[in-house]
Amino acid sequence: MTLRLCAVLALSLLAGCASDPAPTAQLQLTEEALQQAHAVGADAEQEDLRVAEAGLAAAREAFAREEYREARMFAERAELDARLVEARILTAKSSAQIAELKSRIRQLRTELGGRP
Amino acid sequence: MRLAKIRVLLWLGLAALGGCAAHGDARQALEQARSDYEQLAADDAVLASAPKDVVRAGESLARAERLSSYWGSGEDVAHYAYLSQRYGAIAREHSRQVAQQRQLERLQQERDGLEQALREAKLLSVQQQSSWLEEQMDSLATMPTERGLVMTLGDVLFDTGRAELKSSANRIVLKLYQFLTLNPQRVVRIEGYTDSRGPAAENVELSRARAQTVADVLIDLGIEAKRIEVQGYGEAFPLAANASAQGRAQNRRVEIVFSDDQGQLSPPRE
């Protein structure tokens, strides 16, 4: 009984190891997502960017230790963290554009209103 | 054997308890992700503008749900619940961006329309001002001759023998500048004349220098140099006899010859 249980446990552990290949492609995806966030102007001071970068660093460390499952999970989370940073920056940028346009329109209306 | 069996059962129970403790966090994360996703999927705007991200959020959530039925999968459940929520947040950002893009286009159209209206209003007022100025110039000092429209500036501009403008001349030159600004298609020839005192060659030089002074002020103010011709005629083409002081004063002058509104200037005098 105990022996059989041990065998099942050992098998499942083995299976767990075998199903996790080196997440090279995922690491690359995460790096690209971070580059993209930097490209749209992510600021190194930004908290959410730091979280994404810390995630990538943790993924690399786990990768170096050949803990591939952990590396993949860190990298997957960091990728989405970085994509969210990028998306938020783009939203903020178009918000700023909208504010600028609105103020230009107000100014034009004032100028036009001042004319006979 | 019996004792051993009980021991194993106890051990299993403890392990299951441990599993449950780890499961508590994961279950919370899963519930949070589930309610997030329900909200997301009910939002038609997000669904329409970021369908891919919504689908990914759903797939990650389904994975977390599936894993949650396995024993000892707490970490994976929390992981996929996190990914699902992240996809959801990204979908919301993308949806906001799409809405903002539409708003931007609307605002740009509005701005373009207003700018156009303002341009038209300005043009109208320039035209009104321009014709007013033309009337002013006509009534004040210009007269139509065979050389075109000519404005004669008497010796109010310069002191005898000098080529620098008197300060009282500034008002007249400014008016000229204004006229040229409002009539960008017109060009001018500035012609200098003297009386007959002094050597003829020096008079030509002096008359040219005076005309150039007027031109320089206009260029300084921003009129393009190519719109201004400069000519010095010296003592030629007198308006009156040089015998009297009054006649000589009349002959010391600068004349501005205006082109027509196509930029056609009459040829210089021979």
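Our structure's up above, just so we're on the same page.
Since this is a predicted model, take the numbers as computed values, not measurements. (Residues numbered from 1 in each chain as written. Chains lettered and ligands numbered in written order. Predicted model: local features only at pLDDT ≥ 70, side-chain atom pairs only at ≥ 80, totals over all residues. Heavy atoms only, no water.)

For the rest of this paragraph, the subject is the overall build of chain A. Of regular secondary structure, chain A possesses 4 helices and 0 strands. Each helix (α) and strand (β) of chain A, taken in turn from the N terminus, gives the series α-α-α-α. As displayed, chain A offers around 7000 Å² of accessible surface, 59% of which is attributable to carbon and sulfur atoms. (Helix = DSSP H or I, 4+ residues; strand = E, 2+ residues; numbered from the N terminus. Areas by Shrake-Rupley, 256 points an atom, 1.4 Å probe, with all protein chains shown as cover.)

All names here are of chain B. Across all of its chains, the model carries 2 cavities of 30 Å³ or more by this definition. Space inside the largest cavity adds up to approximately 60 Å³. Taken together, 12 residues form the lining of the largest cavity, with Phe158, Arg210, Arg252, Arg253 and Val254 sitting closest to its centre. When contributions to the lining of the largest cavity are tallied by element, the ones reaching two or more residues are β3 (188–193), α6 (200–221) and β5 (253–258). A breakdown of the residues in the lining of the largest cavity according to their chemical character gives 5 nonpolar, 3 polar and 4 charged. The computed volume of the second largest cavity comes to approximately 50 Å³. The wall of the second largest cavity is formed by Ala33, Asp36, Tyr37, Leu40, Ala57, Ser84, Gln85, Gly88, Ala89 and Arg92. (1 Å grid on protein atoms, 1.4 Å probe; cavity = no way out; pocket = protein on both sides within 12 Å on 5 of 7 lines; lining within 4 Å. Points joined across faces, edges and corners; volume = space filled by probe spheres on them. Nonpolar A, V, L, I, M, F, W, Y, C, P; charged D, E, K, R; others polar.)

Turning our attention to the packing of helix α3 (residues 47–64) of chain A against helix α4 (residues 68–113) of chain A. Residues and elements named next belong to chain A. At a minimum axis separation of 8 Å, α3 and α4 run at an interaxial angle of 160°. By the angle class used here, α3 and α4 are roughly antiparallel. Note on packing geometry: the crossing formed by α3 with α4 is left-handed. In this structure, α3 uses Asp48, Leu49, Val51, Ala52, Gly55, Leu56, Ala58, Ala59, Ala62 and Phe63 to contact α4, whose residues at the interface are Tyr68, Glu70, Ala71, Phe74, Ala75, Ala78, Asp81, Ala82, Val85 and Arg88. (Axes fitted to C-alpha atoms, helices over the stretch in contact; angles between N-to-C directions. Parallel < 35°, antiparallel > 145°, perpendicular 65-115°, else oblique. Left-handed = near helix turned anticlockwise from the far one by under 90°. Contact = heavy atoms within 4.5 Å.)

This part covers the environment of Ala29 of chain B. Tracing the sequence through the fold places Ala29 of chain B in helix α1 (residues 2–42). Taking the C-alpha atoms as reference points, Ala29 of chain B and Gly74 of chain B, separated by 45 residues in sequence, lie 9.8 Å from one another.

Attention now goes to unusual backbone geometry. Positive phi values are uncommon outside glycine, yet Glu66 of chain A reaches one of about 65°. Structurally, Glu66 of chain A can be placed in the loop between α3 and α4. Of note, Phe237 of chain B is a non-glycine position whose phi angle comes to about 50°, a positive value. Its location among the elements puts Phe237 of chain B in the loop between β4 (228–232) and α7 (245–251).

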